[in-house]
Amino acid sequence: MRVINLASGSKGNCSVIQTQVGTIMLDCGLNIKDLLQRLSQANIAPESVDAIVITHEHNDHIKGLERFSKKYGAGVWANAEAWPMIDKVIMVAPQKKRVFYDKPFMVGGVKITPFPVSHDSVNCQGFSFEYKNAKFSYATDLGFVSGENLSHLLGSKLIFIESNHDEQMLKDNPNYPIYLKARIKSSKGHLSNTQCAEAVVYLAKNGTRYFALSHLSENNNTPELAFSVVANALENEGFRLEKDAFIRLTYQHKIGNNFNLKED
Ligand SMILES: [Zn+2]
Ligand SMILES: [Zn+2]
């Protein structure tokens, strides 16, 4: 299973999961020009995308969906709560719409398990993607990591997990109004570096080795800070970086690492 992030952050999110049997796009939050450019950089033909799976209706996750789904053949999966919200802002052809519920569904041989995460959208989802013995999980746009969320993330070989903000940078940011700071910090907002680190340590102790820090704020975080908070938390628990735990970053303005997960 190949996993690659094309963009991550409040200005746009998109990842791609590929197996021998198909290509799945996870969120479609880049404008069509950037999306096509980054697909090409990642060596993925847009025609090869079999399905697009949507976490939630916020603009940074669906920005390119109307144009991409109009031009290419992929079916678009979202849950029953998200569709009416998506329909308010963009057009997706009715014949391309697919609905998933709170149970696993199959797309081209890949088992996709959705799970609700706490966020200020109607019913934001995290996902696990399983193909043979490879499991990749995705959790961004969540105010806290619930026990149920952790149970879905367990057993993953790779996890994209939100590391949105540094608490102090958010607190000190003079350009963010109080209501916005409160929204980000709330249980329906975004994960801080510390919250992310706590989840990463738990998951590393349970066998996950690869983590890609995601949805980093460009205003209330830095890649170095996010990395160091998670790295320190792991090292404090005795993990050796690049030996038993691997931290990678995702980026807003460029594609991320190419991950190849063993399927056997
Ligand atoms: Zn988002
Ligand atoms: Zn969101």
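Since this is a predicted model, take the numbers as computed values, not measurements.

Q: An account of the coordination of the zinc ion (ligand 2) is needed here, citing residue identities and associated values.
A: Bound to the zinc ion (ligand 2) on the protein side are H56 (NE2), H58 (ND1), H119 (NE2) and D141 (OD), at distances that span 2.2 to 2.5 Å. A separation of 3.4 Å is found between the zinc ion (ligand 2) and the zinc ion (ligand 1), both of which receive a donor from D141. For H56, a relative accessible area of 1% gives the class buried.

Q: Can you tell me about the coordination of the zinc ion (ligand 1), naming the residues and giving the values?
A: The zinc ion (ligand 1) binds to the protein through D60 (OD), H61 (NE2), D141 (OD) and H215 (NE2); the donor distances cover 2.2 Å. The site at the zinc ion (ligand 1) holds 4 donor atoms, and with the angles between them running 93 to 165°, its shape is irregular. Going along the chain, you hit the donors of the zinc ion (ligand 1) in the pattern D-H-x79-D-x73-H.

Q: How would you sum up the pattern of salt bridges? Please name residues and give values.
A: On inspection of all chains with the given rule, the structure shows 6 salt bridges. Note that D87 and K97 form a salt bridge whose closest N and O atoms lie 2.9 Å from each other. On the criterion of sequence distance, the pair formed by D87 in helix α4 (residues 82-89) and K97 in strand β6 (residues 97-100) is long-range, its members being 10 residues apart. K205 is the salt-bridge partner of E237, the closest N and O atoms lying 3.0 Å from each other. Linking E237 in the loop between α9 (223-236) and β13 (246-249) with K205 in helix α8 (residues 193-205), this pair joins segments that are 32 residues apart in sequence. On the accessibility criterion, E237 (43% relative accessible area) is partly exposed. Here K205 falls in the exposed class, since its relative accessible area comes to 52%.

Q: Please set out the side chain of T23 residue by residue, giving values where relevant.
A: Its place among the elements puts T23 in strand β3 (residues 22-26). In this structure the side chain of T23 is engaged in a polar contact, spanning 3.3 Å, whose partner is the side chain of Q18. Leaving out residues up to four positions away in the same chain, T23 has contacts with V16, I17, Q18, I44, S48, V49, D50 and A51.

Q: Lay out unusual backbone geometry with the relevant residues and their values.
A: One non-glycine residue with positive phi stands out, namely D27, at about 70°. Structurally, D27 is set in the loop between β3 and α1 (32-41). If you check the backbone angles, E242 has positive phi at about 70° while not being a glycine. With respect to the helices and strands, the residue E242 is situated in the loop between α9 and β13. Assessed through its relative accessible area of 45%, E242 is described here as partly exposed.

Q: Which residues make up the pairing of β3, and what values do they have?
A: Taking burial as the measure, the 5 residues of β3 include 5 buried ones, the bulk of the element. Residues of β3 alternate between two faces, with G22, I24 and L26 on one and T23 and M25 on the opposite face, all of them buried. Sheet topology note: the strand β2 (residues 14-19)/β3 ladder contains 5 bridges and is antiparallel. Its bridge partner lying in β3, V16 is registered against M25. Connecting β2 to the next strand, β3, in antiparallel fashion are 2 residues. Note: β3 against strand β4 (residues 49-53), 4 bridges, orientation parallel. The residue bridging T23 from the neighbouring strand is V49, located in β4. For the crossover from β3 across α1 to β4, the handedness is right-handed.

Rules and cut-offs
Residues numbered from 1 in each chain as written. Chains lettered and ligands numbered in written order. Predicted model: local features only at pLDDT ≥ 70, side-chain atom pairs only at ≥ 80, totals over all residues. Heavy atoms only, no water. Donors = N, O, S within 2.8 Å, 3.2 Å for Na, K, Ca; no water. Buried < 20%, exposed > 50% of the residue type's maximum accessible area, 1.4 Å probe, protein only. Tetrahedral: all angles 85-135°; square planar, octahedral: opposite > 155°, others 65-115°. Salt bridge = Lys/Arg side-chain N within 4 Å of Asp/Glu carboxyl O. Helix = DSSP H or I, 4+ residues; strand = E, 2+ residues; numbered from the N terminus. Polar contact = N/O pair within 3.5 Å; in protein donor to acceptor, adjacent residues only side chain to side chain. Contact = heavy atoms within 4.5 Å. Pairing = 2+ DSSP bridges. Right-handed = clockwise from strand over helix to strand, strands pointing away.

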